[in-house]
Amino acid sequence: MCWLLGLCPVLAVTTSTINSIAISAVFFIVLVMTKLAMAVTRKWTDPGAGITVFLLLIISSTLTATADMGTKTFFPDLHISLGIYLSLIAVNCMIISRPNKRTITDALKTGLGYVVIIVIIGIAREVLGKGTLLGDTILGSGFRASPVSFFILPSGAFLVMAFIIAFINSHHGQRKLQEQNRGKT
Amino acid sequence: MQAAMKYAWFIIIGSVFVNNLILVRFLGICTLFCPGAKLKEFLKISITLMAVMIASSWLGWIAYYGILKPLNLIFLKLPVFVLLTAVLVQAAVFFFRKKMPGLHVLLGGYLLLFTAHCAVLGIILLAIEQNLDFLQTTAFTLGSGLGGLLVMLVFSAIRESVKFAPVPRAFKGYAIDFVALSLMSLAFLGFIGFLGIF
């Protein structure tokens, strides 16, 4: 079963592979460090209290602001192409929701899944929409000259996402069918 | 004054149709996939979202141009905006629970959804990035909220009718919703250049 959490960066900045690698790296670091800080403070805060939400928001927004400044200093081009979506990691649903789950293994698992999906979408959109992979021509110069620029548009992002969800669904559906058959025999 | 009002109208129309909140800027997509939400719920959600967006963008604008910029503390803008919105929403929920129980029952649950929401934060950041003044920020936020309302209503109608369509098994559920969003986004692409707005 797939959950749809934190979709803004997945769809918005995955127009090229390098962008998606950059945003997923920042996202992964912020996610793991926020979960680490929340795990450390678990003794003093209980998950139902409103103060936990504020603590979570302070930690994640400070970390994201730091990452934003770091990107601006060391990779100014990337900072321009990621735009506001880098700052929006601070309120990403993946980090903000589920404050009860405060283990590092959970953060690593969900974070890695998220990174893999983002990079797959980035590769698919760059290869189909620009005919390049990390800047190199990959499907021939004829395709590069007239690529399917639909995939660079916002609607292309939605379509790629639809196919990825359909792939996951069909995989799970087959497994469920196999389990049912096993139950019958 | 008249020129400023005319410009504000252009900003509203541009942010409803051309630079739509959900279909072009991808802000607040998570809200579309609230489990079991129908037309009525979407109406409540989007009106709450609009109210929170307007209030927090006013607060954010005042905080940025009144405090952060004169004191040269621009690097603090992200934590300040996030915390302002969270405090505003929590205070509103608290106030409604004490003073207006009817409104609390109607909107309280949805209000908590926007404690930390990408659309609310994204609108303030975009308004700051584009150097909009106070009137333009209001127009921009109002237009974005109306754009979100429009897309949510159309999306819920599409979802209702997809229920009766023969959808392939793998595409059932979220996947067909994304195909619908893709086609809607393609349709909204036709508005580019509408009234000379890009």
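The structure displayed is predicted, hence computed values, not measured ones.

Details of the overall build of chain B
Point 1. A tally of regular secondary structure across chain B gives eight helices and zero strands.
Point 2. Each helix and strand of chain B, placed in order from N terminus to C terminus, yields the pattern α-α-α-α-α-α-α-α.
Point 3. For chain B, whose C-alpha radius of gyration is 18 Å, the value lies close to the compact-globule estimate of 16 Å for 198 residues.
Point 4. Taken over the C-alpha atoms alone, chain B extends approximately 60 × 45 × 30 Å along its principal axes.
Point 5. Looking at chain B as a whole, 40% of its 198 residues qualify as buried.
Point 6. Considering only contacts in chain B between residues 6 or more positions apart, those separated by 24 or more positions represent 76%.

Overview of the overall build of chain A
Point 1. Tallying secondary structure elements over chain A gives nine helices and two strands in all.
Point 2. Written out in order from the N terminus, the α and β elements of chain A read α-α-α-α-α-α-α-β-β-α-α.
Point 3. Counting over 185 residues, chain A shows a buried share of 41%.
Point 4. Here the analysis covers contacts within chain A between residues at least 6 apart in sequence; of these, 70% occur between residues at least 24 apart.

Topic: the nonpolar core
Point 1. Counting 97 residues, the largest nonpolar core has Cys8 and Leu11 of chain A as its most contacted members.
Point 2. With nine residues, the single largest contributor to this core is helix 6 (residues 118-129) of chain B.

Quick word on the environment of glutamate 41 of chain B
Point 1. Positionally, glutamate 41 of chain B belongs in helix 3 (residues 39-68).
Point 2. Glutamate 41 of chain B sits in the partly exposed class, given 15 other C-beta atoms within 10 Å.

Structural notes on helix 5 (residues 101-113) of chain B
Point 1. The end-to-end C-alpha separation of helix 5 of chain B is 18 Å, in line with the 18 Å expected for 13 residues at 1.5 Å each.
Point 2. Where helix 5 of chain B bends most, the angle comes to about 60 degrees, and this point is leucine 107 of chain B.

Thresholds applied
Residues numbered from 1 in each chain as written. Chains lettered and ligands numbered in written order. Predicted model: local features only at pLDDT ≥ 70, side-chain atom pairs only at ≥ 80, totals over all residues. Helix = DSSP H or I, 4+ residues; strand = E, 2+ residues; numbered from the N terminus. Rg over C-alpha atoms; globule rule 2.2 N^0.38 Å. Buried ≥ 20, exposed ≤ 12 C-beta atoms within 10 Å, placed from the backbone. Contact = placed C-beta atoms within 7 Å. Core = buried A, V, L, I, M, F, W, Y, C linked by C-beta atoms within 7 Å. Expected span 1.5 Å × (residues − 1). Bend = angle between axes of the 7 residues up to and from the residue.

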